[in-house]
Amino acid sequence: MKTYTPKEELLKTLLGEDIGYFPRTVPLFTPVVDMMKQTDAYFPAANYEGEPMARLALAAHTLSRWNCTMIPWASTVEMEAMGCRVINKEDDIAGYPQFKERAFSDAYDVTFPKDILTRGSFPAVFEATKIVRGEIDSKYNGEIPIVSMCQGPFTIASYIIGVNEMFKHMIKDKKRAEKVLDVVADLLILYCNRMLESGGDVINLADPAAEGLTPKQFEDLVIPVYRKITAAIETPRMTHICGRTGKIAHLLPESGFHAFSFDYPGVEVATLKDAIGGRMGIIGSVPTVTHFLEGSRQDVIDMSISMIEQGVDFLSPSCGLPQYTPLQNVTAMAEAIEEWNRKKGVTFETS
Amino acid sequence: MKVSEILDRMAQIVVEFDEDSIDGVCNEALEAGIDPNEAILNGLARGMNRVGELYESQEYGIPEVLLCADVLNRGMDILKPHIKGAGDKVSARVVIGTVEGDIHCIGKNIVGLMLEVGGFQVTDLGEDVSPEQFIEEIEKQGCDILALSTMMTTTLSSMKNIIDKVAHQFPETRFLVGGASVTPETSERFGASGYAENATEAVKTARRLAGIAG
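**Remarks on the overall build of chain A**
Helix and strand content of chain A: 14 helices and eight strands. Over its C-alpha trace chain A gives a radius of gyration of 19 Å, about what one expects of a compact globule, namely 20 Å for 351 residues. Seen through its principal axes, chain A has C-alpha atoms that stretch 60 × 45 × 35 Å. In chain A, which comprises 351 residues, the proportion classed as buried is 57%. Residue pairs at least 24 apart in sequence account for 71% of intrachain contacts in chain A once pairs closer than 6 positions are excluded.

Below, the structure written as structure tokens:
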């Protein structure tokens with residue numbers, strides 16, 4: 001059986017090609033404390049400085065065996081660059097940056113300067129991506145893909161003008177909602193393309209706040225923005241939305257994303273297969289809390305195999321890993337994929 | 001108009017987030033001599049419970065829930081000043097907040113609102129609340145039930161930290177937990193007294209923790 005490099009597995013499978021076996025790439029990675037200790041790269045520095053960010057990102061491949069990495073991980077990158085107040089606790093090695101205050105009090109004021117990509121932790125993201133790209137090219141023959149992660153337009157919009165305000169605009173003042181979503185879309189186009197130029201291979205756009213919308217609100221106001229963003233990105237791209245997405249899933253094939261990363265048990269594989277099967281890839285979904293954090297290594301393996309049997313196109317955690325997830329539970333996902341492919345008689349020339 | 005018709009309309013106005021009609025129906029209820037507590041429970045709260053059902057079935061999203069909550073709050077502003085004495089106030093005191101590191105508040109706000117509507121004395125400390133802030137409030141005002149919310153998996157450890165520290169100092173405190181990343185197993189592992197998946201369940205569980213029937 002012909003086998004591919006992990007990067008080829010990711011790209012081909014995202015674009016709908018059947019590679020003949022289960023891809024070894026796990027395209028949603030966030031670091032855990034065990035990795036921070038082994039790479040001497042801790043928060044908050046690893047969320048703001050290129051070098052520790054790169055060291056931790058490489059742990060996705062070297063320590064978790066996920067044959068993939070993802071940069072960055074904090075959900076505050078874009079909102080902070082747009083002017084939201086974000087704080088970090090210097091003595092908390094595992095604490096993500098925390099949103100404190102919105103940037104704009106009115107949607108019509110939302111804008112960004114020409115030098116936006118020099119703001120906040122954007123430069124660190126680009127630097128880390130370049131470093132990781134260099135390491136992968138020199139040490140791993142370029143075979144490990146880099147997933148460039150961003151937050152989605154609805155989520156960013158919610159934080160920069162206020163979560164309650166944005167949600168209410170979706171009913172009471174759609175023009176304001178459209179305005180801020182449009183500006184954020186322009187930002188994301190610039191940001192995503194710069195990450196790709198820095199060495200990213202694909203885009204993963206996570207829009208958790210969108211789960212709070214009805215299908216009509218999602219279709220009318222968010223899908224058009226997704227289309228605008230995806231039309232301006234040439235590489236394969238996936239989207240992740242947490243929670244109960246069963247009722248909006250059927251709208252996603254219109255979004256321009258190639259695959260949907262879901263959050264089990266918020267939605268079942270079977271529901272997604274009915275809604276989008278054949279038109280988009282399905283990525284997921286071993287629960288982060290009940291399995292990765294609170295479960296055993298075997299729990300992760302069993303759920304991973306179950307997901308593969310149900311027909312997902314890639315495995316991933318259901319969302320960002322809790323920071324204190326034991327490393328053995330992280331590698332368990334890689335073990336499950338290896339076990340599955342081994343039973344199918346697949347042997348790899350390189351790993 | 002009969003009492004039941006007024007209360008039905010009040011509930012419907014909440015469900016329809018009809019901010020133009022809430023003042024009128026609440027004043028009508030008062031003029032009709034309806035006990036304000038009854039109006040809150042069987043008018044406003046009944047409507048909000050229906051909103052909760054619509055949200056669970058995903059016919060309503062968060063935009064609708066927020067607007068309904070605004071209408072309910074407006075109704076409470078009109079009716080509460082007319083409550084005489086303790087009314088149906090529950091003696092149990094609830095302190096509620098989103099845990100340190102997390103700023104999600106919508107679900108927590110609805111739970112706080114429904115607990116208040118349900119007769120509990122509620123102090124909402126807001127979001128990103130540290131163990132020390134909870135402890136300070138409990139020292140000042142006392143607390144029977146500490147209700148904690150977190151949406152994110154990355155702040156679950158904060159919830160545990162708060163429970164440990166508060167329990168150490170105030171071992172009689174009962175802990176009620178919830179939020180998108182919280183499971184019944186998490187609740188048990190953290191030593192919480194109760195878990196609730198939504199606002200309606202939160203009120204039921206709080207009543208159980210407070211030893212109140214029904």
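And the narrative resumes.
**Observations regarding the overall build of chain B**
Secondary structure summary: chain B contains nine helices and five strands in total. For chain B, the succession of helices and strands along the chain, N to C, is α-α-α-α-β-α-β-α-β-α-β-α-β-α. A compact globule built from 214 residues should have a C-alpha radius of gyration of about 17 Å, and chain B, at 17 Å, falls within 12% of that. Its C-alpha atoms give chain B principal-axis dimensions of about 55 × 40 × 25 Å. Long-range pairs, those at least 24 residues apart, make up 75% of the contacts in chain B between residues at least 6 apart in sequence.

**A short note on the sheet that holds strand E4 (residues 174-178) of chain B**
All names here are of chain B. Strands sit in the order E2-E1-E3-E4-E5 across an open sheet of five strands; the sheet is parallel. Looking along the sheet, the strands with just one partner apiece sit at the ends: strand E2 (121-124) and strand E5 (194-195). Of the strand pairs in this sheet, strand E1 (residues 93-98) and E2 are connected by four bridges, and their pairing is parallel. Across the sheet, residue Val94 finds its bridge partner in E2, namely Val122. Sitting on the sheet, helix H5 (residues 106-117) touches E1, E2, strand E3 (145-149) and E4, and the angle it makes with E1 is about 170°. Together, E1, E3, E4 and E5 form the strand contacts of helix H9 (residues 199-209), whose direction differs from that of E4 by roughly 170°.

**Comments concerning helix H9 (residues 174-198) of chain A**
Along its 25 residues, H9 of chain A runs 36 Å from first to last C-alpha, staying within 8% of the 36 Å computed at 1.5 Å per residue. Where H9 of chain A is concerned, the buried positions are Arg176, Ala177, Val180, Leu181, Val183, Val184, Ala185, Leu187, Leu188, Tyr191, Cys192 and Met195 of chain A.

**Some remarks on the interface of chain B and chain A**
Interface extent is often summarised as the accessible area lost during association of the parts. Opposite the 21 residues of chain B that make contact, chain A presents 25 residues. Mapped onto the side of chain B that touches chain A, the elements with two or more residues apiece are helix H4 (62-79), helix H7 (156-169) and helix H8 (184-189) of chain B. Tallying contributions element by element places H4 of chain B first for the side of chain B that touches chain A, with five residues. Classifying every residue of the side of chain B that touches chain A gives eight nonpolar, nine polar and four charged.

**What about unusual backbone geometry?**
Along the chain, Ile71 of chain A connects to Pro72 of chain A via a cis peptide bond; the corresponding omega equals -5°. Relative to the helices and strands, Pro72 of chain A is located in the loop between strand E1 (69-71) and helix H5 (77-81). For the bond from Gly284 of chain A to Ser285 of chain A, the omega torsion is -20°, close enough to zero to count as cis. Relative to the elements of secondary structure, Ser285 of chain A occurs in the loop between strand E8 (281-283) and helix H12 (288-293). Of note in the backbone geometry, Asp40 of chain A takes a positive phi value of approximately 55° without being a glycine. Note that Asp40 of chain A resides in the loop between helix H2 (33-39) and helix H3 (45-48). For Gln58 of chain B, which is not a glycine, the phi torsion comes out positive at approximately 65°. Positionally, Gln58 of chain B belongs in the loop between helix H3 (36-56) and H4. Owing to 16 C-beta atoms within 10 Å, Gln58 of chain B belongs among the partly exposed residues under this scheme.

**A word on the environment of Met159 of chain B**
All names here are of chain B. Here Met159 is to be found in helix H7. With 26 C-beta atoms counted inside 10 Å, the residue Met159 sits in the buried group. A C-alpha to C-alpha distance of 36 Å links Met159 and Ile13, two positions 146 residues apart in sequence. Leave out the neighbours within four places in its chain, and Met159 touches Val99, Leu148, Thr150, Val177 and Phe190.

**Some remarks on the confidence of the model for chain B**
Within chain B, residue pLDDT values average 91, and 96% of them lie at 70 or more. Scored as a complex, the prediction yields pTM 0.91 and ipTM 0.91.

**Looking at the nonpolar core**
In this structure, Phe260 of chain A together with Val14, Cys68 and Met114 of chain B are the most contacted members of the largest nonpolar core, which totals 188 residues. Here this core gets eleven residues from one element, more than from any other, and that element is H9 of chain A. Here this core spans two domains, and each of domain 1 (3-82) and domain 2 (93-209) of chain B adds at least three residues to it.

**Side note on the sheet that holds E8 of chain A**
Residues and elements named next belong to chain A. On the basis of which strands lie adjacent, the open sheet formed by six strands has the order E1-E4-E5-E6-E7-E8 and parallel pairing. Each edge of the open sheet carries a strand with a single partner, namely E1 and E8. The sheet shows a mean angle of 25° between the axes of neighbouring strands, taken without regard to direction. Sheet topology places E1 next to strand E4 (residues 146-151); three bridges connect them, and they run parallel. Looking at the pairing, Thr69 lines up with Ile146 of E4.

Conventions we followed
- Residues numbered from 1 in each chain as written.
- Chains lettered and ligands numbered in written order.
- Predicted model: local features only at pLDDT ≥ 70, side-chain atom pairs only at ≥ 80, totals over all residues.
- Helix = DSSP H or I, 4+ residues; strand = E, 2+ residues; numbered from the N terminus.
- Rg over C-alpha atoms; globule rule 2.2 N^0.38 Å.
- Buried ≥ 20, exposed ≤ 12 C-beta atoms within 10 Å, placed from the backbone.
- Contact = placed C-beta atoms within 7 Å.
- Pairing = 2+ DSSP bridges.
- Axes fitted to C-alpha atoms, helices over the stretch in contact; angles between N-to-C directions.
- Expected span 1.5 Å × (residues − 1).
- Nonpolar A, V, L, I, M, F, W, Y, C, P; charged D, E, K, R; others polar.
- pLDDT = per-residue confidence, 0-100.
- Core = buried A, V, L, I, M, F, W, Y, C linked by C-beta atoms within 7 Å.
- Domains from an automatic or database assignment.

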